[in-house]
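One-letter residues, chain by chain:
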Amino acid sequence: MSQQGYVAAPPYSQAQPGMGGYQGGFGTGPAQPLYGHYGGPPQAFSAPPTASGPMQSPPPPPTNSVAQQPFQISPPPAMGQPQMPPGLQSPHMSPQMSPPQSPPATMPMAGPPMAGSQMAGPPMAGSQMAGPPMAGSQMAGPPMAGMGRPFPGPPPGPGGFQQLGQFGGQMAGPQTGMPGAFPGAPGGLAGPPQKKLDPDSIPSTTQVIEDDQVKHGGQVYSTNVRGQVPPLVTTDFTVQDQGNASPRFMRCTTYSLPCTADLAKQCQVPLATIIKPFATLPKNETPLYVVNHGETGPIRCNRCKAYMCPYMQFIDGGRRFQCGFCNCVNEVPVFYFQHLDHMGRRVDLYERPELSLGSYEFIATMEYCKNNKRPNPPAYIFMIDVSYNNIKSGLVRLICDELKTLLENLPREEGAESSAIKVGFVTYNKILHFYNVKSALAQPQMMVVSDTAEMFVPLLDGFLVNYQESRAVISNLLDQIPDMFADTNESETVFAPVIQAGVEAFKAAECSGKLFIFHSSMPTAEAPGKLKNRDDKKLVNTEKEKTLFQPQKGVYEQLSKDCVAQGCCVDLFLFPSQYVDLATMADVPSHTGGSVYKYNNFQVETDGEHFLRELRKDVQKNIGFDAIMRVRTSTGFRATDFFGAIHMNNTTDIEMAAVDCEKALTVELKHDDTLSEETGALMQCALLYTTINGERRLRIHNLSLNCSLQLSELYKSCETDSLINFFAKSAYRAILNQPLKNVKEILVNQTAHMLACYRKNCASPSAASQLILPDAMKVFPVYMNSLMKTAPLVGSTELSTDDRAHQRLSVMGMGVEDTQLLLYPRLIPLHNTDVSSEAPPAPLRCSEERLTDSGMFLLENGHSMFLWLGQASPPDLIQNILNLPSLAHLQGHMCALPELDNPLSKKIRSIITGLLEKRPNSMKLQIVRQKDKPELLFRQFLVEDKGLHGGASYMDFLCYVHREIRQLLT
């Protein structure tokens, strides 16, 4: 079925000698661009099969009475260039014909190329594409030979691939005589200056989000249809579970899988699901039902071990059931028998959650418990670094004061009066101090362990206690700790023995749990896990840059395994003033389902509240412990690769010391046979875990997808936000063993390949100069370009190695909504806030062009938050919000809005508070004035503009991708 729609136009410009397909200065391009794909040797981009196969050449679009003219912009061509007829988008597209559902986005990207050149012209005037162009004229980047992921193997050797610098590298100025061309092309060849294109003509993320909110906002989304595409993560909707898991738990890169591995290979769209097993449900949605089958435990398929779910077919009058995953026929246990109705469905279908819902829980029997013993409730141990820096900054006192109130709010089961979680306390520098806080004691007792090489816990009874029972002793201890170490001069710390102590304590108490470690510096004291400074800016942009992201092997690797085996999750709060080798220190948290929070140059006045908000969220999170998860699929495809804060001992069992409501796992899927359009594809995610009450449970999420022989169905069912989550995680894993340049080349190649395949197989014929994008992926390029400008993927010596490693590890555990916001921040104009309206003002596109000198804008991406003030902001606005007579009085360290009693101030504070509550992490508000130095920090979040440390603008990237697509199609 042909699809056509949505047209926008970057500049018509002359193809320049020496730039068509990078001829001239760059060596000749191959006749057929070679292309590496998921799981196979490089292939040429082949033409679709002739009319006999299922992928026939597209017929004309169906006539429809509703006129829906594609949106097209045609700027004037550059001088001396042939004028392109307006509306040249499809030879058979009259105003009376409307494109079929889910039209693609089309954009004429450049005028007809000049003779002898296969290339539409360079990017627009006045905006040079940062960094030299990409290697080689054949879609540069290593062929993805024989590997099942986007970033396999060693870097390409010589031969067909010329290495020519990197896309989005250092900022390059426009070259002489060549208005804003790609650097690297010979200068002095430019045609006359071209008119700048209207940025409103290229697809807008904010518009896509707004349109989806208008279409689905406030509505009920029922999950009773196989393969239906849910509303976007940014849309406010209510889910009604009717047989498939809510999109809050599972989202997919596409909801229509290609039937064959060949089709998957042809289109290059990664097939993956992002699972957030503990996602928080809004108050108006039903919590998961808990099913208890008593001693027999959950009913499962004898062959593949899938759990009872809506995809099991009851036969033989209800006495047997056929498994939807492996087709094995199983006997129904006597106690579970029920008659079938005239439709062949069980009479009790709607009384049993496991037969009618997508998500539910089973109470697990003894055989699902370690050593066939019921688990104990988990414990939380607070481990505070009391070295000189932390005492001096006031951090230790801040933590101790906060814990007194925070421990009242430990997570507890629905309906329970108090939390079952036990608590313990350790302080440390070069040695460890354990505290006995047994309720019978009048005073807490300290026990010191100075032999950090052979770590043990010096007391069993009284170390892990019930908070309610020992409240008085604990309060006493928290009062004493800051004074006890007030005069310390000890600045050296240990780190690995601290984690080891936690694991040993959980072993002794036979429980799982979490360590909250508050730490400030690199562990340099003589002890296991001692680290040395290996930060070397000379490695940036070299083959060895990857070593900066790799943890140091040995002690920490073994510690991760010990933690996972014991169900010990580690959350690390870091307060560094210099390099701490975060890549190594965060290795244990990132394999145990933990989180890492980082506060550079921490000061209580400016960062205290931000840190405490984060600590509160972290302690109160909904969480499961000692978890193991498996993803089962119906025949024809399987889960092959897993990305997340996880540990894997084998190829199928995903182990997590803990899993909380923010952690998501991205699972790549591959064909191992042909899928059927009729039966579709089924997935079941089963998570075995211990609740905060110490009960063993199984949480089940089921999802059914469509399968199709038509690529157009796959593209129509794609989800950009899930795709970019997958690409971010696979790229961030790839930089551990490949140079950044190769990783970025593969990202661009795959973007071009996915879009070229759509153009070739699904879109109506149209002028080569138009960029045609599938409707569901029309803003994919802005996210991809933003991803390539993130700190881990930018080779810049100005960025801190620890910050880059931190972002890399944080993203690995993120869900779809978190990566969406990180890569496309919200920019909200506050100066025209309607104080009477419930809703905040609509967000704008993330570009400097949207800012106004007299405006006030809030920008947030889930991790950073800025209030930007234009230099011409009216004094009454400044007075109303900041309580200052003018902007000139703004001090650099202001990080909170004063509580003023006027409607605008109240409204803006409520917008900020609302965002802080909604996001998984806290954000520190940074107030910046236009043209001040701190404004540079703010500008790096304007992702549609050129990158601060190199990287193209959205517009230039689109031109670049379009050029690559045309090259693939010639």
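The protein has the name SEC24 homolog D, COPII coat complex component in an unreviewed UniProt entry, where Dicentrarchus labrax is given as its organism. Quoted verbatim from the Sequence similarities (unreviewed entry) field of UniProt, the annotation for the protein is "Belongs to the SEC23/SEC24 family. SEC24 subfamily."

### Quick look at the overall build of the protein
The helix and strand inventory of the protein stands at 21 helices and 33 strands. The buried share of the protein, taken over its 970 residues, is 60%.

### Re the packing of aromatic side chains
The description of an aromatic ring pair uses the distance of the two centres, along with the angle that the planes make with each other. Counted according to the given criterion, the structure contains 32 aromatic pairs. Consider the rings of Phe 866 and Phe 938, whose centres lie 5.8 Å apart with planes at 75°: the pair is edge-to-face. In this pair, Phe 866 is assigned in strand β32 (residues 865-869) and Phe 938 in helix α20 (residues 935-939), connecting sequence segments 72 residues apart. Owing to a relative accessible area of 2%, Phe 866 belongs among the buried residues under this scheme. For the ring pair Trp 868 and Phe 938, a centre distance of 6.1 Å and an interplane angle of 20° mean the geometry is stacked. Taken together, the residues span a long stretch of sequence, with Trp 868 in strand β32 and Phe 938 in helix α20 at a distance of 70 residues. Through a chain of ring-to-ring contacts, three or more aromatic side chains come together here, namely Phe 518, Phe 573, Phe 575, Tyr 597, Tyr 599, Phe 602 and Phe 611. Over the aromatic face of Tyr 336 sits the side chain of Arg 346, whose NZ or CZ is 4.4 Å from the ring centroid. Against the face of Phe 278 rests Arg 699, its NZ or CZ located 4.4 Å from the ring centre.

### Thoughts on the pattern of salt bridges
Under the defined criterion, the tally for this structure stands at 51 salt bridges. The residue Glu 526 makes a salt bridge to Lys 530 at a minimum N-O spacing of 2.5 Å. Of the charged contacts in the structure, one is a salt bridge between Arg 939 and Glu 848, with a shortest N-O distance of 3.1 Å. Here Glu 848 lies in the loop between β30 (826-829) and β31 (856-860) and Arg 939 lies in helix α20, a separation of 91 residues in the sequence. Beyond isolated ion pairs, a larger network of salt bridges with shared partners links Lys 514, Asp 571, Asp 618, Lys 621, Asp 660 and Lys 663.

### Thoughts on the environment of Ile 275
Secondary-structure assignment places Ile 275 in strand β8 (residues 272-275). Judged by relative accessible area, which is 0%, Ile 275 ranks as buried. The sequence separation of Ile 275 and His 701 amounts to 426 residues, and the corresponding C-alpha distance is 9.0 Å. The residues touching Ile 275, leaving out its near neighbours within four places in the chain, are Phe 249, Met 250, Met 629, Val 631, Lys 663, Ala 664, Leu 665, Val 667 and Cys 685.

### So, the pairing of strand β27 (residues 681-690)
Among the 10 residues of β27, 10 are classified as buried, and the element is accordingly described as predominantly covered. Relative to strand β28 (residues 696-708), β27 runs antiparallel, the two being bridged by 10 bridges. Its bridge partner lying in β28, Leu 682 is registered against Ser 704. Connecting β27 to the antiparallel partner β28 that follows it, the hairpin turn spans five residues, and Gly 694 within it adopts a positive phi of roughly 90°.

### A few points about the nonpolar core
Ranked by size, the top nonpolar core spans 106 residues in total, and within it Met 629, Tyr 715, Met 784, Leu 787, Leu 793 and Phe 938 carry the most contacts. In this structure Tyr 715 touches Cys 267, Val 269, Met 754, Cys 757, Tyr 758, Cys 762, Pro 774, Ala 776 and Met 777, once residues within four positions along its chain are discounted. Counting residues in each nonpolar core, the second largest holds 46 residues, with Ile 381, Val 426, Val 457 and Leu 809 among its members.

### Remarks on unusual backbone geometry
Of note, the phi angle at Gln 268 is positive, near 65°, even though the residue is not glycine. Turning to its location among the elements, Gln 268 is positioned in the loop between α2 (261-267) and β8. The exposure class assigned to Gln 268 is buried, which follows from its relative accessible area of 0%. Of note, the phi angle at Asp 581 is positive, near 55°, even though the residue is not glycine. Considering the arrangement of structural elements, one finds Asp 581 in the loop between β20 (568-574) and α9 (582-585). Relative accessible area serves as the criterion here: at 1%, Asp 581 is assigned to the buried category.

Conventions adopted
The numbers attached to residues start from 1 for each chain and follow its sequence in the written order. With pLDDT at 70 or above as the cut-off, local features in this predicted model cover only qualifying residues; side-chain atom pairs require 80 or more to be listed or tallied, and sums for whole chains, interfaces and linings still use all residues. Where side-chain values are given, they derive from all heavy atoms of the structure, hydrogens and water being excluded. UniProt positions are given in the numbering used here, feature names are shortened, and annotations may be inferred rather than shown by experiment. Going along the chain from the N terminus, every DSSP run of H or I of four or more residues is numbered as a helix, and every run of E of two or more is numbered as a strand. Between buried and exposed lies partly exposed: a residue is buried under 20% and exposed over 50% of the maximum accessible area for its type, with that area taken using a 1.4 Å probe on protein chains only. Each pair of aromatic rings taken from Phe, Tyr and Trp, with Trp reduced to its six-membered ring, is defined by centres within 6.5 Å and is described as stacked if the planes are under 30 degrees apart, edge-to-face if over 60, and tilted in the remaining cases. The criterion is that NZ of a Lys, or CZ of an Arg, lies within 6 Å of the ring centre and within 35 degrees of the ring normal, and then a charge sits over that ring. When a carboxyl oxygen of Asp or Glu is within 4 Å of a side-chain nitrogen of Lys or Arg, the pair counts as a salt bridge. Here, residues are in contact when the closest pair of their heavy atoms is within 4.5 Å. In this description, strands pair whenever DSSP reports at least two bridges between them. Grouping buried Ala, Val, Leu, Ile, Met, Phe, Trp, Tyr and Cys residues that are joined through side-chain atoms within 4.5 Å yields what is termed a nonpolar core.

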